[in-house]
Amino acid sequence: MKHIPLISKDEVDPEFRERWDNYRFDLAIFHVWAHVPEAFKTYTAFNGTVWREEEDGMPLLLKEIAVVHASVLSHSSYEWGNHGASMIRRGGTQEQLDAIIAGDVQSDLFDETEKLVLRFTTEVTIDAKPAEETLTALAEIFTNKQIVQLVFAICAYMLNSRFANLGGCEIGDDEDFGMFSLGRKT
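Residues numbered from 1 in each chain as written. Predicted model: local features only at pLDDT ≥ 70, side-chain atom pairs only at ≥ 80, totals over all residues. Heavy atoms only, no water.

Visitor: I'd like to hear about the side chain of Thr121, residue by residue, with values.
Guide: Considering the arrangement of structural elements, one finds Thr121 in helix H7 (residues 112-127). You can call Thr121 buried: its relative accessible area is 0%. From its side chain, Thr121 meets the backbone oxygen of Val117 in a polar contact 2.7 Å long. In this structure Thr121 touches Ala66, His69, Ala70 and Ile154, once residues within four positions along its chain are discounted. (Helix = DSSP H or I, 4+ residues; strand = E, 2+ residues; numbered from the N terminus. Buried < 20%, exposed > 50% of the residue type's maximum accessible area, 1.4 Å probe, protein only. Polar contact = N/O pair within 3.5 Å; in protein donor to acceptor, adjacent residues only side chain to side chain. Contact = heavy atoms within 4.5 Å.)

This is the structure:
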């Protein structure tokens, strides 16, 4: 078996389907998570907190940069496709996205803070912890709350990438589940 099958909304319990139908949009990855409805409900609630904008929170553009990079490192075109578009909407550039996808995370297209976030993301994703020097540099710029929020974002999208890969989800697949009709083309 190459991938687990995506579950159709017609295959789920009617109570769960009603809840699922009330989401603002439908994503291909939801059809992977739907194999475990309780986890689906809980995790989508958590995942929403990653993108809640807070005045004293980690800037969303930096989270997007980290999420795209973690998704590239996790071999998930599905996630870097979705969040690449979000990164650009939040102020990143297509050139920066292309550099992350190509693995050129020290490109001059990124400022020093963005390069630091990319290095931190690499270390958290690959080594499971940042180097002392990297964490110290990050702590000189960001609060502990912001750093923890960044790790939540990185790890959430490592998890999302693995589920997308498990279900065979690739860039553009959300168009099959209603995202395109909402004007959000991946």
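Visitor: Please give an account of the environment of Ala156 that cites residues and values.
Guide: Its location among the elements puts Ala156 in helix H9 (residues 144-166). Along the sequence, Ala156 and Tyr43 sit 113 residues apart, while their C-alpha atoms lie 9.3 Å from each other. Those residues in contact with Ala156, other than ones at most four positions away along the chain, are Tyr43, Phe46, Asn47 and Val50.

Visitor: Any details on the packing of aromatic side chains? Residues and values, ideally.
Guide: Counted under the stated rule, the structure contains 13 aromatic pairs. With 6.1 Å between their ring centres and 75° between their planes, Trp33 and Phe40 make a pair best called edge-to-face. Each member of the pair, Trp33 as well as Phe40, carries the same accessibility label: buried. Here Trp51 and Tyr157 contribute two aromatic rings whose centre-to-centre distance is 5.8 Å and whose plane-to-plane angle is 65°, an arrangement assigned as edge-to-face. In this pair, Trp51 is assigned in the loop between helix H3 (37-50) and helix H4 (60-73) and Tyr157 in helix H9, connecting sequence segments 106 residues apart. The same class applies to Trp51 and to Tyr157, which are both buried. Clustering of aromatic rings is evident, with ring pairs tying together Phe16, Trp20, Tyr23, Phe25, Phe30, Trp33, Phe40, Tyr43, Phe46 and Phe152. (Phe/Tyr/Trp six-rings, centres within 6.5 Å; stacked < 30°, edge-to-face > 60°.)

Visitor: Tell me what's going on with the nonpolar core, and back it up with residues and numbers.
Guide: Ranked by size, the top nonpolar core spans 25 residues in total, and within it Ile100, Leu138, Leu150 and Ile154 carry the most contacts. With seven residues, H4 is the largest single contributor of residues to this core. Membership of the second largest hydrophobic core comes to 23 residues, among which are Ile7, Val32, Tyr43 and Ala153. (Core = buried A, V, L, I, M, F, W, Y, C linked by side-chain atoms within 4.5 Å.)

Visitor: Give me unusual backbone geometry: which residues, what numbers.
Guide: The backbone of His75 shows a phi angle near 60°, a positive value even though the residue is not glycine. Within the element layout of this structure, His75 appears in the loop between H4 and helix H5 (77-89). Its relative accessible area of 67% is what places His75 among the exposed residues. A positive phi is found at Ala128, a non-glycine position, where the angle reads about 70°. Relative to the assigned elements, Ala128 resides in the loop between H7 and helix H8 (132-139).

Visitor: Break down the environment of Glu175 for me, citing the residues and quoting the values.
Guide: In this fold, Glu175 is placed in the segment after H9. The exposure class of Glu175 is partly exposed, given its relative accessible area of 28%. C-alpha separation for the pair Glu175 and Leu159, spaced 16 residues apart in sequence, amounts to 21 Å.

Visitor: Provide a residue-level description of the confidence of the model for the protein, including the pertinent values.
Guide: Low pLDDT marks regions whose predicted coordinates should not be analysed in detail. Here the protein averages 92 in pLDDT, while 94% of its residues score no lower than 70. Low confidence marks residues 179-186, where pLDDT is under 50. Its contacts with residues over four positions away, or in another chain, come to 18 contacts. (pLDDT = per-residue confidence, 0-100.)

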